[in-house]
Amino acid sequence: MADHYFMSEAFRLAQRAYDEGEIPVGAVVVIGERIIGKGYNQTEKLKDVTAHAEMLAITAASDYLGAKYLQDCTLYVTLEPCVMCAGALYWTQMKRIVVGATDEKRGFSRLGTKILHPRTQLTTGILGDESRELLLNFFKTLRT
């Protein structure tokens, strides 16, 4: 139940990215039952290739906690993180990552899950179909 609720919050952020012409990915960081960090892709808006949803959510959560490690936190993200974001997640020592849609082209899993911290738990598929559909619609719109 909680997974669905928090992924729905991440999905709302992905829709915001879509509305702003950004690749529609949203992320939230949760500790206990509280969202402490939010982000959605803003690479175009900020003119920053590192302004991925996960990176912005990590920064907000670290700022909230006043700590660089997020060992008791869960990241909910609508699309499987890229290698850059997975590397950042490794360094945060994130307790758990919940992914909506997989990314066969640019997702970290194509390199194996060893890129994540050894204690990080991974859950996939929560709102995966909805997240994938939003991405497909976004890219279809770009091509027309």
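Residues numbered from 1 in each chain as written. Predicted model: local features only at pLDDT ≥ 70, side-chain atom pairs only at ≥ 80, totals over all residues. Heavy atoms only, no water.

Per an unreviewed UniProt entry, the protein chain goes by the name tRNA-specific adenosine deaminase and belongs to Dyadobacter luteus. Here the protein chain is described in UniProt, under the heading Subunit (unreviewed entry), as follows: "Homodimer." (UniProt positions renumbered as here; feature names shortened; annotations may be inferred.)

Trainee: How would you sum up the overall build of the protein chain? Please name residues and give values.
Mentor: When you go through the protein chain residue by residue, the secondary structure sums to five helices and five strands. Tracing the protein chain from N to C terminus, the helices and strands come up as α-β-β-α-α-β-α-β-β-α. Computed over its C-alpha atoms, the radius of gyration of the protein chain comes to 14 Å, within 12% of the 15 Å expected for a compact globule of 144 residues. Taking all 144 residues of the protein chain together, the buried fraction comes to 47%. When contacts within the protein chain are restricted to residue pairs at least 6 apart in sequence, long-range pairs at least 24 apart make up 60% of them. (Helix = DSSP H or I, 4+ residues; strand = E, 2+ residues; numbered from the N terminus. Rg over C-alpha atoms; globule rule 2.2 N^0.38 Å. Buried < 20%, exposed > 50% of the residue type's maximum accessible area, 1.4 Å probe, protein only. Contact = heavy atoms within 4.5 Å.)

Trainee: Describe the packing of helix α1 (residues 2-19) against helix α5 (residues 128-143), and please don't skip the residues or the numbers.
Mentor: Packing of α1 against α5 brings their axes to within 11 Å, and their N-to-C directions diverge by 0°. As judged from the angle between their axes, α1 and α5 are roughly parallel. The residues of α5 that touch α1, namely those facing F11, A14, Q15 and Y18, are E130, S131, L134, N137, F138 and T141. Residues that form the contact of α1 with α5 fall into these classes: five nonpolar, four polar and one charged. (Axes fitted to C-alpha atoms, helices over the stretch in contact; angles between N-to-C directions. Parallel < 35°, antiparallel > 145°, perpendicular 65-115°, else oblique. Nonpolar A, V, L, I, M, F, W, Y, C, P; charged D, E, K, R; others polar.)

Trainee: Now, about the pattern of salt bridges: what can you tell me, with residues and values included?
Mentor: By the definition in use, this model includes four salt bridges. For E9, the salt bridge goes to R12, with nearest N and O atoms at 2.4 Å. Within this pair, E9 and its partner R12 are both found in helix α1, separated by three residues, close to a single helical turn. On the accessibility criterion, E9 (17% relative accessible area) is buried. (Salt bridge = Lys/Arg side-chain N within 4 Å of Asp/Glu carboxyl O.)

Trainee: How would you sum up the side chain of T74? Please name residues and give values.
Mentor: Its location among the elements puts T74 in strand β3 (residues 73-79). A residue is classified by how much of its surface remains accessible, and T74, at 12% relative accessible area, is buried. Not counting chain neighbours up to four residues away, the residues in contact with T74 comprise V28, V29, V30, M94, R96 and V98.

Trainee: Hey, could you go over the pairing of β3 for me, with residue numbers and the actual values?
Mentor: Of all seven residues that make up β3, seven are buried, and the element is covered over most of its length. Direction of pairing for strand β1 (residues 26-31) relative to β3: antiparallel, over a ladder of five bridges. The residue bridging I31 from the neighbouring strand is C73, located in β3. For β3 and strand β4 (residues 96-101), the ladder comprises five bridges, and the chain directions are parallel. Residue pairing in the sheet places L79 in a bridge with A101 of β4. You can see the chain leave β3, run along helix α4 (residues 83-92) and come back into β4, and the turn it takes is right-handed. (Pairing = 2+ DSSP bridges. Right-handed = clockwise from strand over helix to strand, strands pointing away.)

Trainee: Describe in detail the packing of helix α3 (residues 53-65) against α4, supporting the description with residues and values.
Mentor: Their axes nearest at 9 Å, the elements α3 and α4 cross at an angle of 25°. By the angle class used here, α3 and α4 are roughly parallel. Where α3 crosses over α4, the handedness of that crossing is left-handed. Taking contact as the criterion, the partners of E54, M55 and I58 in α3 are, on α4, M84, C85, A88, L89 and T92. For the contact of α3 with α4, a count of residues per class yields six nonpolar, one polar and one charged. (Left-handed = near helix turned anticlockwise from the far one by under 90°.)

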